[in-house]
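Results of the structural survey
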Amino acid sequence: MSMAGIISNAVVSPSRTSLPSFQLHRQFFPNQVNTLLRSSVFRISPSSIRISASSIINLEAVAPQEDLKTAFLDQKETGFLHFVKYHGLGNDFILVDNRDSLEPKVTPEQAVKLCDRNFGVGADGVIFAMPGINGTDYTMRIFNSDGSEPEMCGNGVRCFARFIVELENLRGKQSFTVYTGVGVIVPEIQDDGKVKVDMGEPVLKALDVPTTLPVTKDHAVVKAGLEVDGVTWNVTCVSMGNPHCVTFSSKELQKLVVDDINLPKIGPKFEHHKVFPARINTEFVEVFSRGHLKMRVWERGAGATLACGTGACAVVVAAVLEGHADRICNVDLPGGPLEIEWREHDNHVYMTGPAEVVFYGCVPL
Ligand SMILES: N[C@H](CCC[C@H](N)C(=O)O)C(=O)O
């Protein structure tokens, strides 16, 4: 994606002044724009520009993308938030360079406004790249789109990893330690650009998920009955630092067809159910084979999302516990597939998947 495409969807190059134009204010790239004004590359088309301190430029012609990205992210005007929008299989986040402080630059109330898809930037959450603590390289915090702060986010930590690589201008295969609400997480950028994350051990003890559902297997809730909306669902509860309720069937339906689930109707009834004192993320799963699952998710604090990394991890753990699947699975989510492995020898869950930049932005706070 061209740098210009990152800042805006429309680039006017001198030969095509009829295109819709975007206007770049000098304060972002004082050097580049001044250079431009003197260069032959540049031409203002008066019909498509307000005569002001803004200019129409073809960014690609004047500076290497790296300089422009850094210049953009280095801008620290007061009252403005510079961010980069990323997504992991359509689960999208506003990433904020917060490396100078452990205090988030955005409040939960501001996060709600920023995440609004009509009146704000639009996202499932806001993620902060902060300085490391307890010897880690970095710290990650996240606010859901409802302003609540979850312990962990799988798709988010992959986006976080790609953001750090960009901020620090790292090259090649990279791995670093990130302090999160669930302790130290280690993302690793693969040669193909995907990110592999050691998500740590699943937590199965009912009281630690947390849930007040009766335990069915070694202090865990595995295939227990839960009545929601007149249906008795068979649920397995797993925490990946954040709480998940996974269902493959109900008393009435031995095999779910996840595309038939009315998420906006049933999701909130699980999320706010009294047996989940910290609310819950709920995953509805279809088993295609012992290595291939399909899921949809209603996320705590974010609603129906296109993907949920911690949810995919919880789904594979639940599938193994209920006997539906082996420990290495491809999990299809509406936004795309994730590779999940619940490794027997260290009991850690590993997730591998993409994370991509959508655009750079600057918004008044
Ligand atoms: N809404 C979730 C956090 C984000 C998890 C999800 N987006 C992921 O990729 O793991 C919660 O409140 O637990």
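Here the structure is a predicted model, which is why all the values come from computation and not from measurement. (Residues numbered from 1 in each chain as written. Predicted model: local features only at pLDDT ≥ 70, side-chain atom pairs only at ≥ 80, totals over all residues. Heavy atoms only, no water.)

1. Observations regarding the overall build of the protein
Our working rule: Helix and strand definitions follow DSSP, with helices as H or I runs of at least four residues and strands as E runs of at least two, each counted in order from the N terminus. For the exposure calls, accessible area comes from a 1.4 Å probe over protein chains only, and a residue counts as buried if that area is under 20% of its type's maximum, exposed if over 50%, partly exposed in between. Contacts are assigned to residue pairs with any non-hydrogen atoms lying within 4.5 Å of each other. Values of accessible area rely on a 1.4 Å probe in the Shrake-Rupley scheme; residue burial ignores everything except the protein chains shown.
Scanning the protein for helices and strands turns up seven helices and 20 strands. Residue burial in the protein is summarised as follows: out of 365 residues, 53% are buried. Sequence separation of 24 or more characterises 62% of the internal contacts of the protein that already satisfy a separation of 6 or more. Put simply, the protein shows about 15,700 Å² of open surface, and 52% of that area lies on carbon and sulfur atoms.

2. Observations regarding the site of the ligand
Here is the rule: The cutoff for a nearby residue is simple: one of its non-hydrogen atoms must lie within 4 Å of the molecule or strand. Polar contact criterion, stated in full: a pair of N or O atoms within 3.5 Å, where within protein one must be able to donate a hydrogen and the other to accept it, and residues adjacent in sequence count only if both atoms are side-chain atoms. Residue polarity is assigned by list, with Asp, Glu, Lys and Arg as charged and Ala, Val, Leu, Ile, Met, Phe, Trp, Tyr, Cys and Pro as nonpolar; anything else, Gly included, falls into the polar class. Per the annotation, domain bounds derive from an automatic or database assignment of domains.
Looking at the ligand, there are 14 residues lining it, with Gly-154, Glu-299, Arg-300, Gly-309 and Thr-310 nearest. One of the backbone N or O atoms of Asn-155 is found 2.9 Å from an oxygen atom in the ligand. Alone, the ligand offers 360 Å² of accessible surface; in the complex the protein occludes 99% of this. Mapped by element, the contributors of at least two residues to the shell around the ligand are helix H5 (154-167) and helix H7 (309-321). Tallied by class, the residues present in the shell around the ligand amount to four nonpolar, eight polar and two charged. Taken together, domain 1 (3-198 + 356-364) and domain 2 (206-347) each give at least three residues to the shell around the ligand, which thus spans both.

3. Side note on the packing of aromatic side chains
As a reminder of what qualifies: Any pair of Phe, Tyr and Trp rings, taking the six-membered ring for Trp, is counted once the centres come within 6.5 Å. Such a pair is stacked with planes under 30 degrees apart, edge-to-face with planes over 60 apart, and tilted for the rest. Comment: the charge-over-ring label is applied if NZ (Lys) or CZ (Arg) is within 6 Å of the ring centre and within 35 degrees of the ring normal.
A full pass over the atoms with the stated rule returns eight aromatic pairs. Note on Trp-233 and Phe-284: the rings are 5.6 Å apart at their centroids and 70 degrees apart in plane angle, and the pair reads as edge-to-face. Placement of the pair is Trp-233 in strand E12 (residues 231-239) and Phe-284 in strand E14 (residues 281-289), with a sequence separation of 51 residues. The same class applies to Trp-233 and to Phe-284, which are both buried. Ring pairing ties together the aromatic residues Tyr-138, Phe-160 and Phe-176, which thus form one cluster. Directly above the ring of Tyr-350 sits Arg-343, whose terminal nitrogen or CZ lies 3.9 Å from the centroid.

4. Here's the deal with the environment of Leu-365
Looking at where Leu-365 falls in the secondary structure, it is placed in the segment after strand E20 (356-364). In the structure, Leu-365 is positioned 285 residues away from Phe-80 in sequence and 5.5 Å away in space, judged by C-alpha atoms. Once you skip the residues sitting within four places of it in the chain, Leu-365 turns out to touch Gly-79, Phe-80, Leu-81, Lys-105, Val-106, Gln-110 and Leu-114.

5. Things to note about the environment of Met-295
Here Met-295 is to be found in strand E15 (residues 292-299). Of the residues examined, Met-295 reaches a relative accessible area of 1% and is grouped as buried. The sequence separation of Met-295 and Gly-353 amounts to 58 residues, and the corresponding C-alpha distance is 16 Å. When neighbours within four sequence positions are excluded, Met-295 is seen to be in contact with Glu-283, Phe-284, Val-285, Cys-308, Gly-311, Ala-312, Val-315, Val-331, Asp-332, Leu-333 and Pro-334.

6. Thoughts on the nonpolar core
Rules: Here the nonpolar core consists of buried residues drawn from Ala, Val, Leu, Ile, Met, Phe, Trp, Tyr and Cys, with membership extended through side-chain atoms lying within 4.5 Å.
Core analysis: the biggest nonpolar cluster contains 57 residues, and Phe-160, Met-295 and Ile-340 have the highest contact counts within it. Of all the elements, H7 adds the most residues to this core, at nine residues. Two domains each put at least three residues into this core: domain 1 (3-198 + 356-364) and domain 2 (206-347). Counting 22 residues, the second largest nonpolar core, distinct from the first, contains Leu-256, Val-258, Phe-270 and Phe-284.

7. A short note on the pattern of salt bridges
Where we set the bar: We define a salt bridge as a side-chain nitrogen of Lys or Arg found within 4 Å of a carboxyl oxygen belonging to Asp or Glu.
Counted according to the given criterion, the structure contains 17 salt bridges. With a closest N to O distance of 2.8 Å, Asp-97 and Arg-99 form a salt bridge. Where Arg-141 meets Glu-149, a salt bridge forms, and the shortest distance between an N and an O atom there is 2.7 Å. Relative accessible area serves as the criterion here: at 25%, Arg-141 is assigned to the partly exposed category. Its relative accessible area of 39% is what places Glu-149 among the partly exposed residues. Sharing partners across several salt bridges, the network here consists of Lys-85, Asp-92, Arg-117 and Asp-124.

8. What about the side chain of Thr-236?
Among the structural elements, Thr-236 can be located in strand E12. Judged by its relative accessible area of 0%, Thr-236 is buried. From its side chain, Thr-236 meets the backbone nitrogen of Lys-223 in a polar contact 2.9 Å long. The contact partners of Thr-236, leaving out residues within four places of it in the chain, are Val-221, Val-222, Lys-223, His-244, Cys-245, Val-246, Ala-318, Leu-321 and Glu-322.

9. A closer look at the domain arrangement of the protein
When the parts of a complex come together, some accessible area is lost, and that lost area is often taken as the interface size. To keep things clear, this is the line we draw: Summed over both partners, the accessible area (1.4 Å probe) lost when two parts come together is defined as the buried area.
Partitioning the protein into domains gives domain 1 (3-198 + 356-364) and domain 2 (206-347). Taken together, the contact pairs 19 residues of domain 1 with 22 residues of domain 2. Across the domain 1/domain 2 interface, buried area totals approximately 1,300 Å², and carbon plus sulfur atoms make up 45% of it. Remark: the boundary between domain 1 and domain 2 carries three salt bridges.

10. A short note on the pairing of strand E6 (residues 138-144)
Quick reminder of the rule: Paired strands, in this sense, are two strands between which DSSP finds at least two bridges.
Among the seven residues in E6, six count as buried, and that is most of the element. Relative to E6, strand E5 (residues 125-131) runs antiparallel, the two being bridged by seven bridges. Bridge pairing in E6 links Phe-128 to Arg-141. Where E6 lies against strand E8 (residues 178-180), two bridges are found, and the strand directions are parallel. Paired with Thr-139 across the strands is Tyr-179, a residue of E8.

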